[in-house]
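Commentary on secondary and tertiary structure
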Amino acid sequence: MNDPASERSPDRLTVLVAARDEESRIGRTVEGLRAQFPEATIVVADDGSRDATAERAEEAGARVIKLPRRGKGQALTLAERQLEPGPLLLCDADLRGDLRQLVESEAELTIAAFAARVGGGLGLAKSAARSMIRLRCGLAPREPLSGQRHLTARARSTVFPLAMGFGVETRMTIDAVRAGLEVEELELELEHRATGRDLRGFAHRGRQLADLLLACGPQAVNYRGLRLPLVGAAVGLAVPAVGPVAAIGLADDLWSGPERGFRAHLTSGPTTGTLKLVGIPLYALAKTRSPSAALLVGLAANAVNQLDTRPGRALKAFGLGALLLGTAPRKAVAAAVLIAPYDLKEMAMLGDAGSNALGAVLGFSSVELLTGRSRWGAIGALSLLTLIGERRSLGSVIESTPALRALDRLGRQA
């Protein structure tokens, strides 16, 4: 018997709608999309709705993918992986209007521009998005935040995984233009629920503004395949003494290759990983004038960096290290506390910039406390930890130890 999925045309359209708590609108939106695109598959990515959004969507004839609450960009990313290949139409859950002209366009990314503006705020988020797009790729779109977008198969493979949260549209446009794709805006008679000029509306636009600014900065893909903003460089800004360490780590975040571990970096010629292995101890040596101190700082930075393979893991290691030492710069602790909720919820990543900087904070604090045999004892312990990490993943050690596993998973999303 043939698999129906294998017989699906690669040119057949899939319509993907991200929705959260839209039970009063989603049914009508799905019905409208089915009428416009009778041959398409209509899919609703339910982003952790607390109402009957999923039920109303299914009743209207959509396939529903239920997801934990993660935000628009992540909901679209996780749902897109479960879809058949081919062109994709993205649509907001509260849309009213005809999108067929988007699909008929020959551009690789086609964006709907609303013919008439209804409601909304002061235009700060839209102006910021337009400015960021112009800055990053030279395009000045009329409707930078429109969620109604048609992507060819090529455009789809180029822009996914998408940026986090409400930064999804802004970064998608930047990525498409920088990849050389043809981007077109079409003015259409569309309507959607506009946020008002009230406290709730301004809070929504504030989150939107924060998300799109983060989306335009450094990004990385985490172990789950989600694309997240790299915020660890903030540790270097909070504690200038480890700023150079954060800068070296950021270089590795942005330009690193597939190499992992000391051996891989040392046998691959010059890499950003080699820069870390050499640059961090050299900086510590210049700062402390002590070879043992430089070695301690370098090993501490590497140890925390080795643990940054799951949300919150490196931050917890930093917290435990600070407690054991009984001292750490207050600004470093404050930065870690502020970043922790976003890291645990997979809304941001420390990256090498943050994990190496936090490890260096512990290293420099240790240098001030430990001398003689106690310092060499710490160097030996960190060297052993590094060796274990080279031969066996530290993550696997944590997962195989019940107490460490419970602590590691505390506060993390399933």
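Worth saying up front: this structure is predicted, and the values here are computed from it rather than measured. (Residues numbered from 1 in each chain as written. Predicted model: local features only at pLDDT ≥ 70, side-chain atom pairs only at ≥ 80, totals over all residues. Heavy atoms only, no water.)

Some remarks on unusual backbone geometry
Inclusion rule: Helix and strand definitions here come from DSSP, where helices need a minimum of 4 consecutive H or I residues and strands a minimum of 2 consecutive E residues; each element is numbered from the N-terminal end.
Geometrically, the link from F160 to P161 is a cis peptide bond, its omega value of 0° lying close to zero. By the element assignment, P161 lies in the loop between helix 6 (153-159) and helix 7 (168-178). One non-glycine residue with positive phi stands out, namely E346, at about 60°. Inspection of the secondary structure puts E346 in the loop between helix 15 (330-344) and helix 16 (351-369).

Remarks on the sheet that holds strand 6 (residues 109-114)
For the record, the criterion: Two strands qualify as a pair provided DSSP detects at least 2 bridges between them. Interaxial angles span 0 to 180 degrees and are taken between N-to-C directions of axes, which are lines fitted to C-alpha atoms, for helices over the stretch in contact. Only heavy atoms matter for contacts: two residues are in contact if any of them lie within 4.5 Å across the pair.
Reading across from one edge, 3-2-1-4-7-6-8 is the order of the 7 strands in this open sheet, with mixed pairing throughout. Lying at the two open borders of the sheet, with one neighbouring strand each, are strand 3 (63-67) and strand 8 (183-188). Averaged over all pairs of adjacent strands, the angle between their axes in this sheet comes to 20°, without regard to strand direction. As defined by bridge partners, strand 6 adjoins strand 8 across 6 bridges and the pair is classed as parallel. Bridging from a neighbouring strand, T110 pairs with E184 of strand 8. Contacting strand 1 (14-19), strand 2 (41-47) and strand 4 (88-92), helix 1 (residues 26-36) runs over the sheet at an angle of about 155° to strand 2. Along the sheet, helix 3 (residues 72-80) makes contact with strand 1, strand 2, strand 3 and strand 4, crossing strand 1 at roughly 145°.

Regarding the packing of helix 10 (residues 243-255) against helix 12 (residues 272-288)
When two helices pack together, their arrangement is given by the angle between the helix axes and by the axis-to-axis distance. Short version of the rule: Any angle between 65 and 115 degrees counts as roughly perpendicular, while under 35 counts as roughly parallel, over 145 as roughly antiparallel, and the rest as oblique. Following the grouping adopted for this structure description, the nonpolar residues are Ala, Val, Leu, Ile, Met, Phe, Trp, Tyr, Cys and Pro, the charged ones are Asp, Glu, Lys and Arg, and the polar ones are all others, Gly among them.
At a closest axis distance of 9 Å, the pairing of helix 10 and helix 12 adopts a crossing angle of 180°. If you check the angle between helix 10 and helix 12, you find them roughly antiparallel. Between helix 10 and helix 12, the contacting residues are P244, V245, I248, G249, A251, D252 and W255 on the first element and T272, G273, L275, K276, G279, I280 and Y283 on the second. Across the contact of helix 10 with helix 12, the residue classes break down as 8 nonpolar, 4 polar and 2 charged.

A short note on the packing of helix 5 (residues 124-137) against helix 7
The condition is simple: Here a crossing is called left-handed whenever its near helix is offset anticlockwise from the far helix by less than a right angle, and right-handed whenever the offset is clockwise.
Contact geometry of helix 5 with helix 7 gives a least axis separation of 10 Å together with a crossing angle of 20°. Taken together, the axis directions place helix 5 and helix 7 in an arrangement best described as roughly parallel. Helix-helix and strand crossings are classified by hand; for helix 5 and helix 7 the assignment is right-handed. Two secondary-structure elements touch here, helix 5 through A129, M132, I133, R136 and C137 and helix 7 through T170, R171, T173, I174, V177 and R178. Within the contact of helix 5 with helix 7, the residues separate by chemical class into 6 nonpolar, 2 polar and 3 charged.

Side note on the nonpolar core
Quick note on the threshold: Here, nonpolar core refers to any group of buried Ala, Val, Leu, Ile, Met, Phe, Trp, Tyr and Cys residues whose side-chain atoms link them within 4.5 Å. Buried residues are those whose accessible area, probed at 1.4 Å on protein chains only, stays under 20% of the maximum for their type, while exposed residues exceed 50% and partly exposed ones sit between those limits.
Within the largest apolar cluster, 40 residues are counted, with the highest numbers of intra-cluster contacts made by V235, V242, L315 and F318. Counting residues per element, the ones that place at least two in this core are helix 10, helix 12, helix 13 (291-306), helix 14 (313-325), helix 15, helix 16 and helix 17 (372-391). Element by element, the count of residues in this core is highest for helix 13, at 9 residues. Here V242 is in contact with V235, G236, A357, A360, V361 and F364, once residues within four sequence places are set aside.

Here's the deal with the state of the cysteines
Every disulfide links exactly two cysteines, by a covalent bond between their sulfur atoms. To keep things clear, this is the line we draw: Disulfides are defined as cysteine sulfur pairs within 2.5 Å.
On inspection of all chains with the given rule, the structure shows 0 disulfides. The thiol of C137 is not disulfide-bonded; the next cysteine sulfur, from C216, is found 9.1 Å away.

As for a nonpolar patch on the surface
Test applied: Nonpolar side chains (Val, Leu, Ile, Met, Phe, Trp, Tyr) are joined into patches within 5 Å and like charges within 9 Å, using only residues with over 30% relative accessible area and no salt bridge. Accessible areas in this description were obtained via Shrake-Rupley with a 1.4 Å probe; residue shielding takes into account the shown protein chains only. Criterion for a salt bridge: a side-chain nitrogen of Lys or Arg within 4 Å of a carboxyl oxygen of Asp or Glu.
Together, L320, L323, L407 and L410 line one region of the surface with nonpolar side chains, adding up to about 410 Å² of accessible area. Looking at L407, the relative accessible area reads 37%, which means it is partly exposed.

Overview of the confidence of the model for the protein
What counts, and what does not: The predictor attaches a confidence to each residue, called pLDDT, with possible values from 0 through 100.
Across the protein, the average pLDDT comes to 89, with 90% of residues at or above 70. A low-confidence stretch, residues 1-7 (pLDDT under 50), is modelled with 2 contacts involving residues beyond four sequence positions or located in other chains.

Digging into the packing of aromatic side chains
To keep it simple, the criterion reads: In this scheme Phe, Tyr and Trp rings, the latter by its six-membered ring, pair at centre separations within 6.5 Å, and the angle between planes marks the pair as stacked below 30 degrees, edge-to-face above 60, and tilted otherwise.
Under the defined criterion, the tally for this structure stands at 1 aromatic pair. Ring centres 6.3 Å apart and planes at 90° place the aromatic pair Y283 and F364 in the edge-to-face group. Here Y283 is found in helix 12, whereas its partner F364 is found in helix 16, with 81 residues between them in sequence. Judged by its relative accessible area of 12%, F364 is buried.

Observations concerning the environment of S157
As a reminder of what qualifies: Any pair of nitrogen or oxygen atoms within 3.5 Å is treated as a polar contact; in protein, a donor-acceptor pairing is required on top of that, and neighbouring residues in sequence qualify only through side-chain atoms on both sides.
Within the fold, S157 resides in helix 6. Spatially, the C-alpha atom of S157 lies 9.4 Å from that of G86, the residues being 71 residues apart in sequence. There is a polar contact of 2.9 Å between the side chain of S157 and the backbone oxygen of R154.

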